[in-house]
Amino acid sequence: MFNIYLEELLEAMQNVFFFIDNFWNIIYVSRNIKKILGYTPSDVVGNNIVDYIYKDDLKKTFSEIMYAIQTRESKRVECRVRIKTGNFVWVEAIFSPFFDQEGNLSGLYGVLRDIEDRKKIIKEKDKNIEKFKAIIESTKGGICVHDDKNILEMNSLFKKMFRIEGEQCAAEKILDFTRNNLKDPDTFFNRLEGIFKSKGIRNGRLETKDGKVYEYYTKMIYKDKHVYGRIWQIFDVTAQVKYEEKLKKKEEQYRKFFELMPDPIIVHKNGLILYANRAAEEIVKVENLVGRSMLDFLHDDFKKIVMERVKETYENGVTLPWLEEKIIDMDGNIIDVEVAATPVDLDGEIVSLVVIRDLRQKKELERNRMILNEAMELERVRSEFFANISHELRTPLNVILGAVQLMQIYINNEDIKTQEKLSKYVKMMKQNCYRLLRLVNNLIDITKIDSGYFEIHPQNVDIIKLAENIVSSVVDYVERFGLKIFFKTDRKERVIAVDPDKIERILLNLISNAIKFTDAGGSIFVNISNDEKYVKISVKDTGIGIPKEKLGLIFDRFRQVDKSLSRNHEGSGIGLSLVKALVEMHDGEIAATSEEGEGSEFTVILPAKTIETKDISLVDRSITNGYVERINIEFSDIYS
Ligand code: ADP
């Protein structure tokens, strides 16, 4: 009854129950041996336990058994036993000796438990501990783990830092060391209270009297949700601190260097100014540029191109070459500058370092030089003009004088030949008087225009008719030089407000030039084309043309393409500048195109506007006497 009960109990406990005699032979074993070792009881009963115990564990097992017998107490032993498959598993066996009435040993009974899993876990744990130890040994910092009384773990680096030999009284030694060797232990101990209370990571620096600097990181550690202790990680940052100090000094030097640079320097990120030296703040007259946008000081004309350049610095990481820009200071003054930029890595962030050169002085010099050059050029042109004008004045005067002298000789002679000669001289004198008159007129007009006294008197005029009349009235003259003149218009009538006298001078001037610079056999075309807003009058010839490089100069006063006094053509160089001034007084424009050897074309564009009046003046210029005179005057330069 008891046996069955015990058997059930042992089964329930999942332990194997056994008896051995004092020669270690198995007398009894419970059935559940099968679960652990794979045997049935009949497989093992009668055999000696020595057959089952792993040979390396025999000594240990039997010494425990002997100890149990001696002390008459139960003894526990862990050993490996062979299972049915032939392999060995870890078991825990408890041996309890039992004795007969005389006190002699009868045998031992025991309990057997499979501890394979537990062994595995312990093995893993040992491995983990080893791993943990290896890790904390190999970290660059000193590590110490403690609870509220004792040091639980330290790596050798920590021991070295706090001069601890052996593990004993480590906590006290650490405190002693801290108290005696820190430069300012009080501050640290004051801080310590807070550290112990805090749950997060705390860190700080400790400086020792011998110049070492340690940086600590400390944190509570938990086990099963309860505070287990605290871990400290301590790094020797002495070298780093020294390096930082050096760097700081260097930085200070650089800062000074930048500050004292005479050229403005800024550092910006996407236009936002992060740093500006004194020169930069001075040039725009702002006390502190940091935080301001670079664009605030940039002239509108340059905003787009500068933003593109900024983008380029970031995207391609390239140094941008010098670019002339204009910036605006706080008083609104525009300053000419030259700017170069380069990308710089500032703590992993790419920013732009911009160097600015103040060009004011350089520009001023350039401007002065230009003014000087212009003045010199003006002086040169002026002297040329005076040489020219004296020639222009002297030639007709000489001709007139010569003619007068000859006339004096023939004055009393009445024969026909003499009469013919006399009329030729009168003609010569007349033409040269016209030339002088034209020159004087032009000079007077130019002077009037310059001084603002020249006025135009616009009236509504049929410009087509006006131009046509002018052209037909010069046909004779043109043909006299072996040239043809053609007039073409895309409209029959167009009334616009102009000063007819001035239009006449414009056209006569252009036609007289066309005659002057076109050899016999050539043609002159006067074309009018209209559109909604403008009337275009062009005078085109098939003459010698104007060299490309001179085309831009012909409207300048006193300019002539061929300046030598021995040139083929007469003229003062005033004509086209006067024409231009007259066109511009009508709010119009004049332009010239030319191909050397092929001909030239002068195009006058007049705005098609009218003034408010009912009258349309349609003066037929060809019939007035004064008109012939005017043609004579305008064409007086041309010699047949
Ligand atoms: P100028 O009184 O000397 O003719 P202009 O001002 O009328 O002065 O003309 C300036 C110069 O432009 C001329 O000297 C000549 O060299 C050039 N020029 C003007 N018109 C023509 C043209 N139709 N063909 C070629 N050259 C021309």
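Refer to the structure above for everything that follows.
Here the structure is a predicted model, which means the values were calculated and not measured.

A. A look at the overall build of the chain. Of the regular secondary structure elements, the chain holds 18 helices and 22 strands. The C-alpha atoms of the chain give 59 Å as radius of gyration, which overshoots the globular expectation for 640 residues (26 Å, by more than 25%). Taken along the three principal axes of its C-alpha coordinates, the chain extends 200 × 60 × 50 Å. Here the chain holds 640 residues, and 39% of them are scored as buried.

B. Spatial organisation of the packing of helix H13 (residues 416–451) against helix H17 (residues 575–585). At a closest axis distance of 11 Å, the pairing of H13 and H17 adopts a crossing angle of 45 degrees. Judged on the interaxial angle alone, H17 and H13 are oblique. Handedness of the H13/H17 crossing: left-handed. Mapping the contact onto sequence places Asn442, Asp445, Ile446 and Ile449 in H13 and Ser577, Leu578 and Ala581 in H17. Classifying every residue of the contact of H13 with H17 gives four nonpolar, two polar and one charged.

C. A look at helix H4 (residues 55–71). When the terminal C-alpha atoms of H4 are compared, their 25 Å separation across 17 residues agrees well with the 24 Å that a helix rising 1.5 Å per residue should span. By the burial criterion, the buried members of H4 are Asp57, Thr61, Phe62, Ile65, Ala68 and Ile69. Seen along its axis, H4 keeps its buried residues to an arc of 130 degrees; they face one direction. Facing away from the buried side of H4 by more than 90 degrees, the exposed set consists of Lys59 and Gln70. In this structure, the buried residues of H4 make contact with strand S3 (75–82), strand S4 (88–99) and strand S5 (105–114). Phi turns positive, to about 55 degrees, at arginine 72, one or two residues after H4.

D. Local environment of a nonpolar patch on the surface. On the surface, a cluster of nonpolar side chains totalling about 250 Å² of accessible area is made up of Leu272, Leu274 and Leu346. Here leucine 274 is to be found in strand S12 (residues 272–276). Judged by relative accessible area, which is 38%, leucine 274 ranks as partly exposed.

E. Focus on the sheet that holds strand S14 (residues 334–346). Read from one edge to the other, the open sheet built from five strands follows the order S12-S11-S15-S14-S13, with strand pairing classed as antiparallel. Of all strands in the sheet, those bounded by a partner on one side alone are S12 and strand S13 (320–328). Between one strand axis and the next, the sheet turns by 35 degrees as a mean value, whatever way the strands run. Pairing geometry for strand S11 (residues 265–269) and S12, over four bridges, is antiparallel. Counterpart to isoleucine 266 in the pairing with S12 is alanine 276. Sitting on the sheet, helix H11 (residues 300–316) touches S11, S13, S14 and strand S15 (349–358), and the angle it makes with S13 is about 145 degrees.

F. Quick look at the nonpolar core. With 54 residues, the main nonpolar core has Ile463, Leu510, Ile515 and Phe635 as its most contacted residues. Ranked by residues supplied to this core, first place goes to helix H14 (residues 463–480) with nine residues. The contact partners of isoleucine 463, leaving out residues within four places of it in the chain, are Arg494, Ile496, Val498, Ile503, Ile528, Val535, Ile537 and Leu606. Within the second largest apolar cluster, 27 residues are counted, among which are Ile53, Cys79, Val89 and Ala93.

G. Expanded view of the packing of aromatic side chains. The final tally for this structure, using the stated rule, is 24 aromatic pairs. Arranged with centres 5.4 Å apart and planes meeting at 75 degrees, the rings of tyrosine 39 and tyrosine 52 form a pair that is edge-to-face. In this pair, tyrosine 39 is assigned in the loop between helix H2 (33–37) and helix H3 (41–44) and tyrosine 52 in the loop between H3 and H4, connecting sequence segments 13 residues apart. On the accessibility criterion, tyrosine 39 (7% relative accessible area) is buried. Residue tyrosine 52 is classed as buried on the basis of its relative accessible area of 11%. A ring pair is formed by phenylalanine 188 and tyrosine 216, whose centres lie 5.8 Å apart and whose planes are at 70 degrees; its orientation type is edge-to-face. Pair noted here: phenylalanine 188 is in helix H8 (residues 185–197) and tyrosine 216 is in strand S9 (residues 213–223), with a separation of 28 residues, a long-range link. Taken as a pair, phenylalanine 188 and tyrosine 216 share a single burial class, namely buried. Here the aromatic residues Phe17, Phe19, Tyr28, Phe98 and Tyr109 are joined through ring pairs into a cluster of three or more. Positioned above the aromatic ring of tyrosine 477, the side-chain terminus of arginine 480 is 4.6 Å from the ring centre.

H. Up close: the packing of helix H7 (residues 170–181) against H8. Contact geometry for H7 and H8: axes closest at 8 Å, N-to-C directions at 135 degrees. Classified by the interaxial angle, the pair formed by H7 and H8 is oblique. Seen from H7, the contacting residues are Leu175, Thr178 and Arg179; seen from H8, they are Pro185, Phe188 and Phe189. Considered class by class, the residues forming the contact of H7 with H8 number four nonpolar, one polar and one charged.

Reading the values: the criteria
- Residues numbered from 1 in each chain as written.
- Predicted model: local features only at pLDDT ≥ 70, side-chain atom pairs only at ≥ 80, totals over all residues.
- Heavy atoms only, no water.
- Helix = DSSP H or I, 4+ residues; strand = E, 2+ residues; numbered from the N terminus.
- Rg over C-alpha atoms; globule rule 2.2 N^0.38 Å.
- Buried < 20%, exposed > 50% of the residue type's maximum accessible area, 1.4 Å probe, protein only.
- Axes fitted to C-alpha atoms, helices over the stretch in contact; angles between N-to-C directions.
- Parallel < 35°, antiparallel > 145°, perpendicular 65-115°, else oblique.
- Left-handed = near helix turned anticlockwise from the far one by under 90°.
- Contact = heavy atoms within 4.5 Å.
- Nonpolar A, V, L, I, M, F, W, Y, C, P; charged D, E, K, R; others polar.
- Expected span 1.5 Å × (residues − 1).
- Arc of directions from axis to C-beta.
- Patch = residues over 30% accessible without salt bridge, like charges linked within 9 Å, V, L, I, M, F, W, Y side chains within 5 Å.
- Areas by Shrake-Rupley, 256 points an atom, 1.4 Å probe, with all protein chains shown as cover.
- Salt bridge = Lys/Arg side-chain N within 4 Å of Asp/Glu carboxyl O.
- Pairing = 2+ DSSP bridges.
- Core = buried A, V, L, I, M, F, W, Y, C linked by side-chain atoms within 4.5 Å.
- Phe/Tyr/Trp six-rings, centres within 6.5 Å; stacked < 30°, edge-to-face > 60°.
- Lys NZ or Arg CZ within 6 Å of the ring centre and 35° of its normal.

Everything listed here is a matter of geometry and, on its own, says nothing about what the molecule does.
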